[in-house]
Amino acid sequence: MSAIQPPEHRIWWKEPIEPIEITWIVIAFVWCIFMFLMMPYWHVFGKQNLANEAYRTTPEVYTAKAQAMVDKFTIREETDQKIPVVKPPAGSDVYLIARLWQWWPMLELEAGQTYRLHLMSMDWLHGFSLQPENINIQVHPGYEHILTVQPTKAGTFSIICNEYCGINHHTMVSRLYVVDKK
Amino acid sequence: MAINRMFRTCPMTGLKVHEPAEALIKANAVAAVIFLLVGGILALMVTLTRWQVIHLLPPDWFYLVLTGHGLNMLVFWIIFFEIAVLYFASSILLGCRLAAPRVAWAAFGLMVMGGVINNYAVFRGDSSVMFTSYAPMGAHPTFYLGLILFAVGALVACFVFFGTLVVGKEEKTFNGSIPLVTFGAVTAAIIAVFTIASGAIILIPTFLWSVGLVDHIDSLMYRTVWWAFGHSSQQINVAAHISIWYAIAAIVFGAKAMSERVSRTAFLLYILFLQLASAHHLLVDPGLTSNWKIFNTSYAMYLAVLASMVHGLTVPGAIEIAQRKRGFTKGLFEWLRKAPWSNPVFSGMFMSLLGFGFLGGISGVIMGTEQLNIIIHNTIYVPGHFHATVVLGTTLAFMAITYFVIPAIFRRELSFPRMAQWQPYVFALGMTFLSLFMMGAGTLGVPRRHWDITFAGNPLAHEFPGTAHLMMALAAIGGILAVVGGTMYLLVVVHSVFLGKRIETPGFQRVRVVDGYAPRPTRPAAAALQGHGGTASWSAPGTFVLAMVFLTSFVLYYFINWKYLSTVWPLK
């Protein structure tokens, strides 16, 4: 009686299980539990976890906060669009705006310092993708997402958008500078 | 109105085939293949655009074609085929009449209409919103309308399936419990009902929003509910293609499940836990707590993963036992070496099993781990993963069963048998390449759904390492090979169905069944065959070795990813 026919014995649920199956089920189950526990373990002992901190807000409020930061800490402007490059003090709140099709402003951070990085979209969904570190975060409109980040080494990093956001999605790219502490 | 109770007996399998069910299976399978053709043409264009050296399409066309490719493949091809599978697993395997064939035709009509309307919206050019259509990015109202009509049709078809089970039970066309394959199909259908309900909850408001009757769709709410639809629909595929694995093991080898209890419980775990699927698309989203993410993404402690690992053992295990009974007992793997590798029904099924397990399964668990998702989310690793599950796993299994369905249901001989013999290999090889190299490029940060990773002309351009470009080129070559494999499939199938040699059956019977009862079961109630369940011996050692190889790769790759994660910037 094969799998395309009704089970041979009416009371099939009382048939004994093959030893090979039970062995595999036990091994697989132990592995599954291990994988499950690995996630809380990393929250306690690992260094790369996402915060649970996020707030509902509006584009106006968020833009005002970002603008205040830009007004205070801009050190130069780059490209024809005169995008400000901002160097906020270590430990401070850093705001990054995602909008069609631009990241604004550009950031310059110090290696080894921690920052509270705020992410929010002004319009559609965007994807914060820091390269070549390969840190990827979803950016929503209406939700201010706060991550504490600690750049480890100096260099020029790219922020690309990796959530499809319309016809010019592939042009949405920016820089993030990390400099050594002076 | 009289109920059509005409059956024919299949000379190949001895199954009783209800005529309206047969016609409906044909219609749904043909519709599926037509959408596969459309999706396949679009696939070639996507592949040739992402290969930066060729970069075939301009951006607007690329995003349009990518949207159409996703919808035609993931929704229309797969679900039409699944409806055919549901009708087969109910009416034909149970030897009973299909409940309400007219309703089933109406469902078919709705689905065709939905598919056509949705494609119309995409090809208008103002609905390039991808398969996921994340609000607040909006599409033309007909985009959502098409999907809704299609979903309603599919839901009606699921209820025809459930009704057929009731008919079979009432008219006593089978003894005891339903077959394992039908049980798997029930699993798929139950998940489908959940999936379609989730789809309705999100797509109906979005449709109303697109015509201006609702003024705001929250993006996080959309993603949460949409994925209860979007991912669960992939779980229908899993349940369906695993049922097909069992069916093919039974058809080709006469294999029976190692134990009914284990296999059925594993299907039950799918019903209980797969619906938590929306979580693992939201692991790097704001507004959801880690506790929620950990519990849901692990499908409540990986119980659904456990179920897949169980099927991954019991299907080849059943084949091994059947082969050993035929005398292929030498060493650990004679049963596998001497398997009918030139029969596309078997070779397609076995490569589907390997590809789904080793490539799709392992990568899926990795990227569905809360923290590991940070280094994978929205990179091209993601399509690499799901081309292994949905294409190598589901589509290849569907292709394999087609080579059985053509002679059994369409009553035609396979045209170009040599091509059919090679087709699963070409397709699987191409798709394996595509998946592996997409995953590799994703590890290097290459984004998915992106027209130009060279950022040509952009003053802030990011430069991906040369390896990433090389991997994208290799993935494209794999993609082209897979398109060749897909074309071979279409040639064989279309030629066989329309121009293939008819199979004439000596002593062909149409069975007229008296009103009220379908044919009585011909099988003796007490089967003479000796079951192998309960033997204390180590019945499938080769399969167990394969399972341990699988586990070892799984564990190694799991820790490689944690190691990689530990080197990126600290975040909290």
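Residues numbered from 1 in each chain as written. Chains lettered and ligands numbered in written order. Predicted model: local features only at pLDDT ≥ 70, side-chain atom pairs only at ≥ 80, totals over all residues. Heavy atoms only, no water.

1. So, the interface of chain B and chain A
Worth spelling out the cut-off: When checking whether two residues touch, look at their non-hydrogen atoms; a contact exists if any pair is within 4.5 Å. Using a 1.4 Å probe, buried area is obtained as the accessible area two parts lose upon being combined, added over both of them. Only one rule defines a salt bridge in this text: a Lys or Arg side-chain nitrogen within 4 Å of an Asp or Glu carboxyl oxygen.
Residue-level contacts link 118 residues of chain B with 87 residues of chain A. Summed over both sides, the interface between chain B and chain A buries roughly 9300 Å², with carbon and sulfur atoms accounting for 67% of that surface. Applying the counting rule to chain B against chain A returns 2 salt bridges. Glutamate 163 of chain A is the partner of arginine 449 of chain B in a salt bridge, and the nearest nitrogen-oxygen pair spans 3.8 Å.

2. A closer look at the packing of aromatic side chains
Rules: Side-chain rings of Phe, Tyr and Trp (the six-membered ring for Trp) are treated as a pair once their centres are within 6.5 Å; stacked means planes under 30 degrees apart, edge-to-face means over 60, and tilted covers the remaining angles. Comment: elements are numbered from the N terminus, with helices defined as DSSP H or I runs of at least four residues and strands as E runs of at least two. Think of it in three bands: residues with accessible area under 20% of the maximum for their type are buried, residues over 50% are exposed, and the middle band is partly exposed, with areas taken using a 1.4 Å probe on protein chains only. By definition, being over a ring means that NZ of Lys or CZ of Arg is both within 6 Å of the ring centre and within 35 degrees of the ring normal.
For the structure shown, the criterion picks out 46 aromatic pairs over all chains. Here the aromatic rings of phenylalanine 88 of chain B and phenylalanine 404 of chain B are separated by 6.2 Å at their centres, their planes lie at 85°, and the arrangement is edge-to-face. Linking phenylalanine 88 of chain B in helix 2 (residues 59-94) with phenylalanine 404 of chain B in helix 12 (residues 381-408), this pair joins segments that are 316 residues apart in sequence. The exposure classification of phenylalanine 88 of chain B matches that of phenylalanine 404 of chain B, with both residues buried. Members of the aromatic cluster, joined through ring pairs, are Trp31, Phe34 and Trp42 of chain A together with Phe358, Phe550, Phe554, Tyr558, Phe559 and Trp562 of chain B. When the ring centre of tyrosine 177 of chain A is taken as origin, the NZ or CZ atom of arginine 76 of chain A, which lies over that ring, is 5.1 Å away. Across from the ring centre of tryptophan 12 of chain A, 4.7 Å away, lies the NZ or CZ of arginine 264 of chain B, which sits over that ring.

3. Structural notes on the packing of helix 2 of chain B against helix 3 (residues 101-124) of chain B
All names here are of chain B. Test applied: All axes here are fitted lines through C-alpha atoms, helices being fitted over the stretch that makes contact, and every angle between N-to-C directions spans 0 to 180 degrees. Reported orientations rely on four angle classes, namely roughly parallel under 35 degrees, roughly antiparallel over 145, roughly perpendicular from 65 to 115, and oblique for the rest. In the scheme used here, Gly and all other residues not listed as nonpolar or charged are polar, with Ala, Val, Leu, Ile, Met, Phe, Trp, Tyr, Cys and Pro taken as nonpolar and Asp, Glu, Lys and Arg as charged.
Between helix 2 and helix 3, the least distance of the axes is 10 Å, while the angle of their chain directions is 175°. By the criterion of interaxial angle, the relationship of helix 2 to helix 3 is roughly antiparallel. The residues of helix 3 that touch helix 2, namely those facing Leu64, Thr67, Gly68, Leu71, Asn72, Phe76, Ile79, Phe80, Ile83 and Tyr87, are Ala104, Phe108, Met111, Val112, Gly114, Gly115, Asn118, Asn119, Val122 and Phe123. Among the residues forming the contact of helix 2 with helix 3, the class breakdown is 13 nonpolar, 7 polar and no charged.

4. Describing the pairing of strand 4 (residues 93-99) of chain A
All names here are of chain A. Note the following rule: If DSSP finds at least two bridges between two strands, the strands pair.
Taking burial as the measure, the 7 residues of strand 4 include 5 buried ones, the bulk of the element. Both strand 4 and strand 7 (residues 115-121) contribute to a ladder of 6 bridges, which runs parallel. Looking at strand 7, one finds that valine 94 is bridged to leucine 117. Where strand 4 folds back on strand 5 (residues 102-104), the antiparallel hairpin that results is connected by 2 residues.

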